[in-house]
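Chain and residue survey
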Amino acid sequence: MAVAEAFRPPRSGRHLTGPDVPRRHALDGARAAYEHQLLLYRRTWRGSIFGNFAQPVLFLLAMGVGLGSFVDRAGSSAMGGVPYLQFLAPALLASTVMQGSVFEATFPVLAGFHWIKRYHAMYAAPLTPYAIAFGQLAWIITRATLVGSIFTLVVIGFGAARTAGILLAIPVGTLTAVAFAAPIAALMSTQRDTAVFNSIWRFGITPLFLFSGTFFPIEQLPEQIRWIAWLLPLWHGVDLARALSLGTIGDQPLVMLAHVVILGAAAVGGTIAMFVMYRRQLQR
Amino acid sequence: MSPSADSDRPSLIHARGLTKRFGSFTAVDAIDFDVAEGESFGFLGPNGAGKTSTMRMIGCVSPVTEGTLRVLDLDPATDGARIRGRLGVVPQQDTLDTELSVRDNLVIYGRYFGMRRAEAGRRASELLEFAQLSERANDKVEPLSGGMKRRLTIARALINEPSILLLDEPTTGLDPQARHLLWERLYRLKQQGVTLVLTTHYMDEAEQLCDRLVVMDKAKIAAEGSPRELIERYSTREVAELRFPVGVQEGLDGQLDDLGERIERLPDRLLVYSDDGEAVVAAAHERGLRPQTVLVRRSSLEDVFLRLTGRSLVD
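All values reported here derive from a predicted model rather than from experimental measurement. Throughout, residues of each chain are indexed from 1 in the direction in which the sequence is written. Chains carry letters and ligands carry numbers; both start at the beginning, A for chains and 1 for ligands, and go up in the order they are written. The predicted origin of the model limits local features to residues at a pLDDT of at least 70 and limits the giving and counting of side-chain atom pairs to 80 or more, whereas totals for whole chains, interfaces and linings rest on all residues. Hydrogen atoms and water are omitted, and side-chain values are computed over all heavy atoms in the structure.

Before going further, it helps to examine the overall build of chain B. Each helix is a run of H or I in the DSSP string that is no shorter than four residues. Each strand is a run of E no shorter than two, and both are numbered from the N terminus. If you tally the helices and strands in chain B, you get 10 helices and 13 strands. For chain B, the spread of C-alpha atoms along the three principal axes comes to 75 × 45 × 40 Å. Where accessible areas are quoted, they stem from the Shrake-Rupley method and a 1.4 Å probe; at the residue level, only the protein chains shown are allowed to cover. Total accessible area computed for chain B in this model is approximately 13000 Å², and 46% of it derives from carbon and sulfur atoms. Under this rule, positive means Lys or Arg and negative means Asp or Glu; His and the chain ends count for nothing. Lysine's charge is taken at NZ, arginine's at CZ, aspartate's at CG and glutamate's at CD. The centroid of the 42 positive side-chain charges in chain B is displaced by 5 Å from the centroid of its 50 negative side-chain charges.

Below is the structure:
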């Protein structure tokens, strides 16, 4: 085959200089970056979706049904008089979605900057650092929503949803995910390996998972340290998702509003940090 | 010495006083050059000379610290993304997606440029043919050889039919056979009128591919011209390389100095520059000197570099 077909040199005078070089919308670039993630997911989606089903099934069986039968026997007044399974399920949804998003904000980001250098390939093309960050964040949001939706299906299957409000726990889970994933992606853009991630997981995410009111109400914590829950971003998502599912959202409307505001602030702040860091890391 | 090439052709890249600093370190120090349409232009120099920093500025991924740079008559500071839309970039280190297939690497790259999926797919097939990778289209990238990865990277850079193809050290790390195959592909592009801009520290690569080049050393441009011109200007037609037994070279005491126009003392041999290398060898023999090995060759860009900087290109 002739090279002429492989490469058609620009017609003289056309798209060589200024005005003929097309301008593209920033969102076109973000869409291409997002599409790249979809293409990658096409290879692994079966295993990934299976895991997203299996995890809530196992947790709800062990903790909700197994442990729950003991808890309920002792009386569930501390849980507001609802069966433990229904108390646990929406909270576990928020926690699980958050955990997954932390992974989505770590490995793809390290691969983008260092391991595979996808971001550098994108930046050599017309994508801007913001478009690259946007595409990655959009993918994190997609995955969080997908994990939350699958979780909800399992919750409904277990009869663990008290009201249809469980459906609103899905966006709460996604918001919680962004509140975590965006700042972690910003941090990971400065890292070359997973050392910091390992510390975050051990000393940050795991304690949060255990002590943010998912498995027991924070009122069970000693009074002196209960205020810490307000500082732990996960609790806001957990409490909100639970109130939506149990239909108790009207009991403390101001607290619920505060949850949304705090999660929203973390998500917006984290997103700004992520965008700024992506630009700094790529444009040198 | 004028930095502009043929003035009747539009300048696709125009740099004056182009400077890049990282903190207190100056990577590129006020260099001037122009690249004309259809030209094949090279930056020749050792590692650390500032070639990659220059390429990254041209590629609009690294902001200019000082000076003027215009690419395709646009300013990289304000129109970076538009310019990148008309460039093809082959970076020094491959940035292929090793988790995707060969073909998907091309198609998704086409999508970065806003090509429709069908169009990107068609173009991918053409380029796979050009890169001699059609048989591997559905294979993963990871198991490909270094040369194949490089060809795929070049194919990927051509997906948008770029106005300029930027190649940073295109054959570094490849075995000779893979290098020659790559040169042959690049030579075809050159003949098609593609504007090539490349960096290299291989003089044979520069001689094969560049119509015109600048020799870079320590962040500055040391000389500019066609390979032929540079050799004529800075070297003689031939070089006699004389290698003496260990210890003898130091004791020669300038006995050869008048045999050529110039002499370079390398640790392991003497280079005598003269338009007639055989005559140098004959004269050395007449003086009773017995070098262990003798090589008479034509001057190369390596000699130009040695003359300009007192150092070898690849050390």
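What follows picks up the thread again.
Residues and elements named next belong to chain B. Strands qualify as paired when DSSP identifies two bridges or more between them. Within the open sheet, the 6 strands sit side by side as 5-6-7-3-8-9. Their pairing is mixed. Whereas interior strands pair on both sides, the edge strands pair on one side only; in this sheet they are strand 5 (87-90) and strand 9 (220-225). Here the average twist between neighbouring strands, direction ignored, is 15°. For helices, the fitted axis covers only the stretch in contact; all axes are lines through C-alpha atoms, and the angles between them, taken along N-to-C directions, range from 0 to 180 degrees.

Another point: the layout of surface pockets. Lining residues are those with an atom within 4 Å of a point, where the points come from a 1 Å grid over the protein atoms alone and group into cavities, where a 1.4 Å probe fits but cannot get out, or pockets, open sets with protein on both sides within 12 Å along at least five of seven lines. Grid points are joined across faces, edges and corners, and a volume is the space filled by probe spheres set on the points. Roughly 810 Å³ of volume is contained in the second largest pocket. Around the second largest pocket, the lining is made up of 33 residues, and of these H120(A), T52(B), R56(B), V61(B) and Q93(B) lie nearest the centre. A breakdown of the residues in the lining of the second largest pocket according to their chemical character gives 14 nonpolar, 13 polar and 6 charged. Residues were grouped as follows: Ala, Val, Leu, Ile, Met, Phe, Trp, Tyr, Cys and Pro as nonpolar; Asp, Glu, Lys and Arg as charged; and all remaining residues, including Gly, as polar.

With that out of the way, let us pick up the packing of helix 6 (residues 129-157) of chain A against helix 11 (residues 253-282) of chain A. All names here are of chain A. As a packed pair, helix 6 and helix 11 sit with axes 8 Å apart at the nearest point and diverge in direction by 130°. Accordingly, the angle class assigned to the pair helix 6 and helix 11 is oblique. The crossing of helix 6 and helix 11 is right-handed. Seen from helix 6, the contacting residues are P129, Y130, I132, A133, F134, Q136 and L137; seen from helix 11, they are T271, M274, F275, Y278, R279 and L282. Residues belonging to the contact of helix 6 with helix 11 are distributed by class as follows: 10 nonpolar, 2 polar and 1 charged. Angles are sorted into four bins: roughly parallel if under 35 degrees, roughly antiparallel if over 145, roughly perpendicular if 65 to 115, and oblique for all others. Crossing handedness is read from the near helix: turned anticlockwise from the far helix by less than a right angle, it gives a left-handed crossing, and turned clockwise, a right-handed one. Any two residues whose heavy atoms approach within 4.5 Å are treated as being in contact.

This part takes up the sheet that holds strand 10 (residues 238-243) of chain B. All names here are of chain B. In spatial order, the strands read 11-12-10-13; together these 4 strands make up an open sheet with antiparallel pairing. Edge strands, defined here as strands with exactly one partner in the open sheet, are strand 11 (262-265) and strand 13 (293-298). Neighbouring strand axes in the sheet, compared pairwise and without regard to direction, differ in orientation by 20° on average.

Let us look at the domain arrangement of chain B. Think of interface size as the accessible area that goes away when the parts come together; that is how it is often given. Residue ranges labeled as domains rest on an automatic or database domain assignment. Here chain B is partitioned into domain 1 (11-226) and domain 2 (236-298). Measuring from the centre of the C-alpha atoms in domain 1 of chain B to the corresponding centre in domain 2 of chain B gives 40 Å.

Let's shift gears to the interface of chain A and chain B. Listed per partner, the contact involves 40 residues of chain A and 50 residues of chain B. Summed over both partners, the interface of chain A with chain B buries about 4100 Å², with 57% contributed by carbon and sulfur atoms. Salt bridges are defined as contacts in which a side-chain nitrogen from Lys or Arg sits within 4 Å of a carboxyl oxygen from Asp or Glu. Across the contact surface, chain A and chain B share 6 salt bridges. Two residues, D104(B) and R42(A), come together in a salt bridge whose shortest N-O distance is 3.3 Å. Here a polar contact is recorded for every N or O atom pair within 3.5 Å, except that within protein the pair must consist of a potential hydrogen donor and a potential acceptor, and residues adjacent in sequence are included only if both atoms are side-chain atoms. Linking chain A with chain B are 13 residue pairs in polar contact (both at pLDDT 80 or more), by the criterion used here. Listing elements by their share of the side of chain A that touches chain B, those giving two or more residues are helix 1 (3-6), helix 2 (26-73) and helix 5 (118-124) of chain A. If you tally residues by element for the side of chain A that touches chain B, the top one is helix 2 of chain A, at 7 residues. Within the side of chain A that touches chain B, the residues separate by chemical class into 23 nonpolar, 7 polar and 10 charged. In short, buried area is how much 1.4 Å probe accessible area vanishes from two parts on joining, totalled over both.

In this section: the packing of aromatic side chains. Geometry of aromatic contacts follows a simple scheme: Phe, Tyr and Trp rings, the Trp one being its six-membered ring, pair when their centres are within 6.5 Å, and the pair is stacked under 30 degrees between planes, edge-to-face over 60, tilted otherwise. Within this structure, the stated rule accounts for 21 aromatic pairs over all chains. Consider the rings of Y34(A) and W139(A), whose centres lie 5.9 Å apart with planes at 65°: the pair is edge-to-face. Linking Y34(A) in helix 2 with W139(A) in helix 6, this pair joins segments that are 105 residues apart in sequence. Y34(A) sits in the partly exposed class, given a relative accessible area of 22%. Look at F197(A) and W201(A): their rings are 6.0 Å apart centre to centre, the planes differ by 35°, and that puts the pair in the tilted class. Note that F197(A) and W201(A) are positioned in helix 8 (residues 195-211) at a spacing of 4 residues, about one turn of the helix. One aromatic cluster is present, formed by F103(A), F107(A), W115(A), F197(A) and W201(A) through successive ring pairs. Two conditions define a charge sitting above a ring: the NZ of Lys or the CZ of Arg must be within 6 Å of the ring centre, and it must be within 35 degrees of the ring normal. Sitting above the plane of the F87(A) ring, R242(A) keeps its charged end 3.6 Å from the centroid. The aromatic ring of Y202(B) is capped on one face by R179(B), whose charged end is 4.1 Å from the ring centroid. Burial classes: relative accessible area under 20% of the type maximum marks a residue as buried, over 50% as exposed, and values in between as partly exposed (1.4 Å probe, protein chains only).

The element helix 3 (residues 102-112) of chain B is extensively covered by neighbouring structure, given that 10 of its 11 residues are classed as buried. For helix 3 of chain B, the set of buried residues is V102(B), D104(B), N105(B), L106(B), V107(B), I108(B), Y109(B), G110(B), R111(B) and Y112(B). Taken together, the buried residues of helix 3 of chain B touch helix 2 and helix 5 of chain A together with helix 4 (117-130) and helix 5 (146-157) of chain B. G114(B) lies just past helix 3 of chain B and shows a positive phi near 80°.

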